[in-house]
Amino acid sequence: MVKIRVFSCLLVCTLFLGCNVLNRSQSTASIGAGEGAAEGAEIENASGNTSLTAITEATVGGAAGAVIGEKMDEQAGEIEQELDGAKIERVGQGIVVEFNNDALFDPDSITLKDFAKTNLTRFADVLKEYPHTNIHIQGHTDNEGESRSNQDLSEEQAIAAANYLAENGIVASRLTIIGFGDEEPKYTNDTEEGQAQNRRVEFVITANKEMIAEAEREAGGNES
C-alpha cells in the first residue's frame, strides 16, 4: 500500500504540477573539480551534504557570483522575517531553509499542519518576489523503522510541501523533489532530540539561468 501511495503522489507531481523528481543517485552526482569543488567543501561543512550538489551546480565565479550572493543575502533576510520555527542558512551562493518535521507534519503523516500551511504560504510569498531561483525540496527521516518505509515517507512529505508551494503560486518547474529517507542524517540519531532534528524537510534555494545571466550582465556593467 505504501509503495502504491508514493507512486500515485509522484505521478500527480510529475504530470499535473510538472515538478522534477530525482532519485538519490541523481541528487548526489559528482560536482567536478576546481573552484566549484572547493566551495562545495565549505557548503558540506556548513549545512550537510545533501545541499551540496544543488548549490555547487548553480555556483558561478568572479563578480557575477558576488552579485548573486548579494541577491541571496536580501532574499534570506526576507525569509527570516516571515518564517517562524525555521532555520535559515546562507551557504555559498544559495540559501538553505530547514523545517523540522514536527513543525510541518504529525508523526508519520503527509498532511501539513495548519501552522505549517501558514508558514509555507508566507514562504511562497517571498519566493514569488524572486522568480529567478530554483527550489530543491529534500525530505529526511530519523533511523527508526524500516529504511524502505522511511524512504517512502521522506518522498511523500517533500511532495506534500512542493504541492502546497505550487498551489500558492510557485511555478512547478522551479521545484525539484527528492527523498533521502534515513540515509543522510544531519544530526545524531543516538538521542531522541537528534532523531527529532533529523526528521526534517530542507528547501535549498539556488540561482537559475536567468539570475546567473542577469548577474553576469550586472557584473560586466560594473566593470566597464
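Residues numbered from 1 in each chain as written. Predicted model: local features only at pLDDT ≥ 70, side-chain atom pairs only at ≥ 80, totals over all residues. Heavy atoms only, no water.

### A word on the nonpolar core
- By size, the foremost hydrophobic cluster in this structure holds 42 residues, and its most contacted members are V97, F123, I137, L165, F203 and I205.
- Looking at this core, the elements with two or more residues in it are α5 (62–82), β3 (94–100), α6 (114–129), β4 (133–140), α7 (147–167), β5 (175–179), β6 (200–207) and α9 (209–223).
- Broken down by element, the residue count for this core peaks at eight residues, all from α7.
- Contacts of F123, omitting those with residues within four sequence positions, involve I79, L83, V97, F99, L165, F203 and I205. (Core = buried A, V, L, I, M, F, W, Y, C linked by side-chain atoms within 4.5 Å. Buried < 20%, exposed > 50% of the residue type's maximum accessible area, 1.4 Å probe, protein only. Helix = DSSP H or I, 4+ residues; strand = E, 2+ residues; numbered from the N terminus. Contact = heavy atoms within 4.5 Å.)

### Examining the pairing of strand β2 (residues 86–91)
- As paired elements, β2 and β3 share six bridges and run antiparallel to each other. The partner of K87 across the bridge, within β3, is E98.
- Between β2 and β3, which pair antiparallel and follow one another directly, the connecting turn spans two residues, one of which, G92, has a positive phi of 55 degrees. (Pairing = 2+ DSSP bridges.)

### Some thoughts on the pairing of β6
- Extensive coverage of β6 is indicated by the burial of eight of its eight residues.
- Neither face of β6 is open: one carries R200, E202, V204 and T206, the other V201, F203, I205 and A207, and all of them are buried.
- Here β3 pairs with β6 via six bridges, running antiparallel. What sits directly across from V97, in β6, is F203.
- Of the strand pairs in this sheet, β4 and β6 are connected by eight bridges, and their pairing is antiparallel. The residue of β6 that forms the bridge with Q138 is E202.

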